[in-house]
Amino acid sequence: MNDSQLILTIVAAIGLGTPLIFATVGEIITERAGILNLGVQGTMLVGAVTGFWATFQTGSLTLGILASLLAGAAFSVIHAFASITLRVSQIVSGLALTIFGTGLASFLGKAGSDPLVGEPARDQFDAIISGGIADWPVVGPLIFGHDILVYVAWIAAGAASYYLFRTRMGLSLRAVGEDPASAESAGVNVAWVRYVHVMAGGALAGLGGAYYPLALVPTWQDNPIGAAGWIAIALVILASWRPWRALFAAYLFGAAARIQFTLQTLGEPWSSIPATILAMIPFVLAIIAMIALTSGKRARFLGAPAALGIPYFREQR
Amino acid sequence: MTVRRIIVEPRGLASLRLTLTVPLLSVLAALVIGGVFLWITGDNPFTVYGHMVDAAFGSSRGVSETLISATPLILTGLAAALAFKMLVWNIGAEGQFLLGAIVAAGIAIAMGDTIPAVLAAPVVIVAGAVGGALWAAISAFPRVYLGTNEIITTLMLNFIALNLMNYLIFGSSSPWRDPLVSTFPTGRPIPDAASLPRFFNRLDVGIFIAIAVAVFAWYLVNRTRWGFEVRVVGDSPETARYAGIQVPRKILGVFLLSGAFAGLAGALFVAGPVGALDPRSLDLGLGFTGIIVAALARLNALAVIPVAILMGALNNAGPSLQSIGVPPEIVTMLQGAILIFAVGGEFFIANRLRRPELPPDVLATGAAA
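Residues numbered from 1 in each chain as written. Chains lettered and ligands numbered in written order. Predicted model: local features only at pLDDT ≥ 70, side-chain atom pairs only at ≥ 80, totals over all residues.

J.: An account of the overall build of chain B is needed here, citing residue identities and associated values.
T.: A tally of regular secondary structure across chain B gives 15 helices and four strands. Here chain B holds 369 residues, and the buried ones make up 52% of them. Here the contacts in chain B between residues at least 6 apart in sequence split such that 78% fall between residues at least 24 apart. (Helix = DSSP H or I, 4+ residues; strand = E, 2+ residues; numbered from the N terminus. Buried ≥ 20, exposed ≤ 12 C-beta atoms within 10 Å, placed from the backbone. Contact = placed C-beta atoms within 7 Å.)

What follows is the structure, encoded as structure tokens:
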């Protein structure tokens, strides 16, 4: 029963959705502060190469994950400085971050006399429970059979949700994203709050990136993450800026990414659909969902932070 | 002593010298950053940069290849510059470029050698522009009539276009695919009638078309009523509405024209140097590089030309670095860094920094000391 295609597909969707959860929750936190960061793709790649490298050097997965978090946070400071201190176009600055990060990760993977590319990971994330409850029908593989980061992703989504809606700091954060001038007059340091949350979002994106070469495909290859960073930006809107919904949106897209393997097992005519057509599914899904969710009057109920993408000038109070 | 904060004031119109200095410094700063990474990974940055200059400009073949690389970048740069000028965030030049290439190659192959070259090449080029505009329309109409965020839709359409091209070549036996090559699929060569004439090594007349379109775009934006209205919408949509400008129609027009520029780039690339719908030659990120071109040119259509040549030189030099053991991705890194500094530099063009003036008594004691 645990070998049925449905179970296998859901398990694969959870694996493929996990890095998307980290990146999406990170971007939700960033956008809740009013900063749009289109640099997620580049930040994930920098996190991926740093995390893989750190584990490769030390053999420690913990250090790899720490390195990816730090690299993501440090890398996103560039965007924070441009959009918060210099107040230039967040859209162009984010794109710049992605282009730079994409080039940097590829370069670091190939540079030097002993390049990383093609090297297997020295250690990888495996299921934390083998046998026992992990073999129970249905709930075993679906709930107990995952690696530690799958559970960390659940905790991250829950914690982010609690932080946003149940804590004082979360309230300040949302105020900064909705109406920075009012937040400032209520004693909130807008620039500081924005810096911290852009960096937190970057750290989570870096972690999401590292999940690919340390868990999903434990080797270093050029661009191991595909278009995950771009998908995450769409998922933020589909999740309407709520971390819990990001969990389900990410798994849905994980399933969409997995669909070609599932269809191949179903035999004709399903298995004859070309992979290139199936590869379009997540992107088509994102466009349809975007048009359905964000158009016209519905957009107002979606919950986009009102000050998202708008530079804040303290002097203009 | 009290800490003196720096005062930031908006500057009126920046001087020409400043608007030239900031982009030049951006390039220089990016070279320094790239140099640091080259040095860390064990290469001498000066050797690497010297090699790049030599590959891009050191021979007549180098120069012609640089201009070949620059041709599509002029057009994708214009696509971004025009759209961004009106705050239309068309991030989809990549996909519109590919659709232009797909449509152009399709029409060229369908016509075969039945139509004389004087007609065939223009038809193919216009078809490519229309293809790019139609691909942009998928994002433009929801943006204008439903308010759908165009950043996400144009981005997603890039990946759909890429997979569409891969489907036509790798996933099916479509008319675009070369039936004579079976081991590793590639595009069917377009007929000679649709190919652009070459005049300097491999360089074809596409470069003149791209330059002419840049001049046209500059004239359109800076010297026509349409362009004036576009600039008003870009500065303030509110003002534009009060002035009676039909903002939705303007956005639609700019969006489609932006897509047409990118589609034209794809068509010229297929009808010129590539000569087929070849995914390996077309999937180079030329749409994204166009955004860098536009930003460094500060959205000025004429400045797009020299900036595109600079980026084309970098793209051309990249692959040659493999011969000295340097990953060609240093080029993407440099281009990304250039964009980071160029967009950051906008702050210094838009604002003036100064120390606050000191109160008279402080000045007096200062003079006494």
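J.: I'd like a description of the overall build of chain A, backed by residues and values.
T.: Within chain A, the regular secondary structure consists of 14 helices and zero strands. In chain A, the order of α-helices and β-strands from amino to carboxyl end is α-α-α-α-α-α-α-α-α-α-α-α-α-α. Principal-axis analysis of the C-alpha atoms gives chain A an extent of 65 × 50 × 40 Å. Taken across its 317 residues, chain A has 51% of its residues classed as buried. Sequence separation of 24 or more characterises 79% of the internal contacts of chain A that already satisfy a separation of 6 or more.

J.: So what's going on with the interface of chain A and chain B? Residues and values would help.
T.: The interface of chain A with chain B comprises 43 residues on the first partner and 40 residues on the second. Every element with two or more residues in the side of chain A that touches chain B is listed here: α3 (61–85), α4 (90–110), α10 (228–238), α12 (275–278) and α13 (281–294) of chain A. Broken down by element, the residue count for the side of chain A that touches chain B peaks at 13 residues, all from α4(A). Counted by class, the side of chain A that touches chain B contains 30 nonpolar, 11 polar and two charged residues. (Nonpolar A, V, L, I, M, F, W, Y, C, P; charged D, E, K, R; others polar.)

J.: Quick rundown of helix α11 (residues 243–265) of chain A? Include the residues and the values.
T.: Residues and elements named next belong to chain A. Helix length check: α11, at 23 residues, gives a terminal C-alpha distance of 33 Å against a target of 33 Å (1.5 Å per residue), a fit within 8%. Along its length, α11 shows its largest kink, about 50°, at arginine 258. For α11, the complete set of buried residues consists of Pro243, Ala246, Leu247, Ala249, Ala250, Phe253, Gly254, Ala256, Ala257 and Arg258. At its buried positions, α11 is contacted by α1 (5–32), α6 (148–166), α10 and α13. Among the residues trailing α11, glycine 267 stands out with phi positive, at a value near 75°. (Expected span 1.5 Å × (residues − 1). Bend = angle between axes of the 7 residues up to and from the residue.)

J.: If you had to explain the nonpolar core to someone new, which residues and values would you point to?
T.: Side chains of nonpolar character tend, in soluble globular proteins, to be buried together. Residues A:Leu235, B:Leu78, B:Ala104, B:Ala271 and B:Val304 are the most contacted members of the largest nonpolar core, which totals 230 residues. In terms of residue count, helix α10 (residues 247–274) of chain B provides more of this core than any other element does, 16 residues in total. Look past the residues within four positions of B:Ala104 in its chain and what remains in contact with it is B:Val124, B:Ile125, B:Ala127, B:Gly128, B:Gly131, B:Gly266, B:Ala267, B:Val270 and B:Ala271. (Core = buried A, V, L, I, M, F, W, Y, C linked by C-beta atoms within 7 Å.)

J.: Any chance you could break down the packing of α3(A) against α4(A) for me, citing the residues and the numbers?
T.: Residue and element names in this part refer to chain A. Running from N to C, α3 and α4 point in directions that differ by 160°, and their axes come no closer than 9 Å. What the angle tells us is that α3 and α4 run roughly antiparallel. Considering the relative orientation of α3 and α4, their crossing is right-handed. Packed against α3, whose contacting residues are Phe75, Ile78, His79, Ala82 and Ser83, the element α4 presents Gln90, Ser93, Gly94, Leu97 and Gly101 at the interface. Residue classes in the contact of α3 with α4 are distributed as four nonpolar, six polar and no charged. (Axes fitted to C-alpha atoms, helices over the stretch in contact; angles between N-to-C directions. Parallel < 35°, antiparallel > 145°, perpendicular 65-115°, else oblique. Left-handed = near helix turned anticlockwise from the far one by under 90°.)

J.: Which residues make up the environment of A:Ala105, and what are the values?
T.: Residue and element names in this part refer to chain A. Considering the arrangement of structural elements, one finds alanine 105 in helix α4. Given 30 C-beta atoms within 10 Å, alanine 105 falls into the buried group. Separated by 57 residues in the primary sequence, alanine 105 and alanine 48 have C-alpha atoms spaced 7.9 Å apart. Those residues in contact with alanine 105 that lie beyond four places of it in its chain are Leu45, Val46, Ala48 and Val49.

J.: I'd like a rundown of the packing of helix α3 (residues 60–85) of chain B against helix α7 (residues 206–223) of chain B, residues and numbers included.
T.: Residue and element names in this part refer to chain B. Look at α3 against α7: their axes get within 9 Å of each other, and the N-to-C directions meet at 20°. By the angle between their axes, α3 is roughly parallel relative to α7. The hand of the α3/α7 crossing is left-handed. Between α3, through Leu67, Thr71, Ile74, Leu75, Leu78, Leu82 and Lys85, and α7, the contact on the second element is made entirely by Gly206, Ile207, Ala210, Ile211, Val213, Ala214, Ala217 and Val221. Here the residues of the contact of α3 with α7 are counted per class, giving 12 nonpolar, two polar and one charged.

J.: Tell me about the environment of B:Val254, residues and numbers included.
T.: Mapped onto the elements of the fold, B:Val254 is located in helix α10. Excluding residues that lie within four positions of it along the chain, B:Val254 makes contacts with B:Leu82, B:Ala83, B:Met86, B:Val88 and B:Val230.

J.: Would you mind going over α7(B) in detail, with residue names and values included?
T.: Residue and element names in this part refer to chain B. Taking 1.5 Å as the rise per residue, α7 with 18 residues should run 26 Å; its terminal C-alpha atoms sit 25 Å apart, in good agreement. Every buried residue of α7 is accounted for by Gly206, Ile207, Ile209, Ala210, Val213, Ala214, Ala217 and Val221. With its buried residues spanning 160° around the axis, α7 presents them on a single face. Facing away from the buried side of α7, by more than 90 degrees, are the exposed residues Phe208, Ala212, Val215, Phe216 and Arg223. Tucked into the core, α7 has its buried residues touching α3, β3 (203–204), α8 (225–235), α10 and α13 (304–317). (Arc of directions from axis to C-beta.)

J.: Hey, could you go over unusual backbone geometry for me, with residue numbers and the actual values?
T.: Positive phi is not limited to glycine here, since A:Val138 has a value of about 60°. Tracing the backbone shows A:Val138 in the loop between α4 and α5 (139–144). When the 13 C-beta atoms within 10 Å are taken as the criterion, A:Val138 is described as partly exposed. Of note, B:Leu87 is a non-glycine position whose phi angle comes to about 60°, a positive value. Locating B:Leu87 in the fold gives a position in the loop between α3 and α4 (93–111).

J.: Go over the confidence of the model for chain B, please, and point to the residues and values.
T.: Caution applies to low-pLDDT parts of the model: their predicted coordinates are not meant to be read in detail. Residues and elements named next belong to chain B. Taken as a whole, chain B shows an average pLDDT of 92; of its residues, 96% reach a score of 70 or greater. Here helix α15 (residues 360–368) stands out as the least confident element of chain B, with mean pLDDT 51; α7 is the most confident, with 98. This complex was scored by the predictor with a pTM of 0.94 and an ipTM of 0.93. (pLDDT = per-residue confidence, 0-100.)

J.: Can you tell me about the environment of B:Asp204, naming the residues and giving the values?
T.: Turning to its location among the elements, B:Asp204 is positioned in strand β3. Look at B:Asp204 and you get buried, because 24 C-beta atoms sit within 10 Å.

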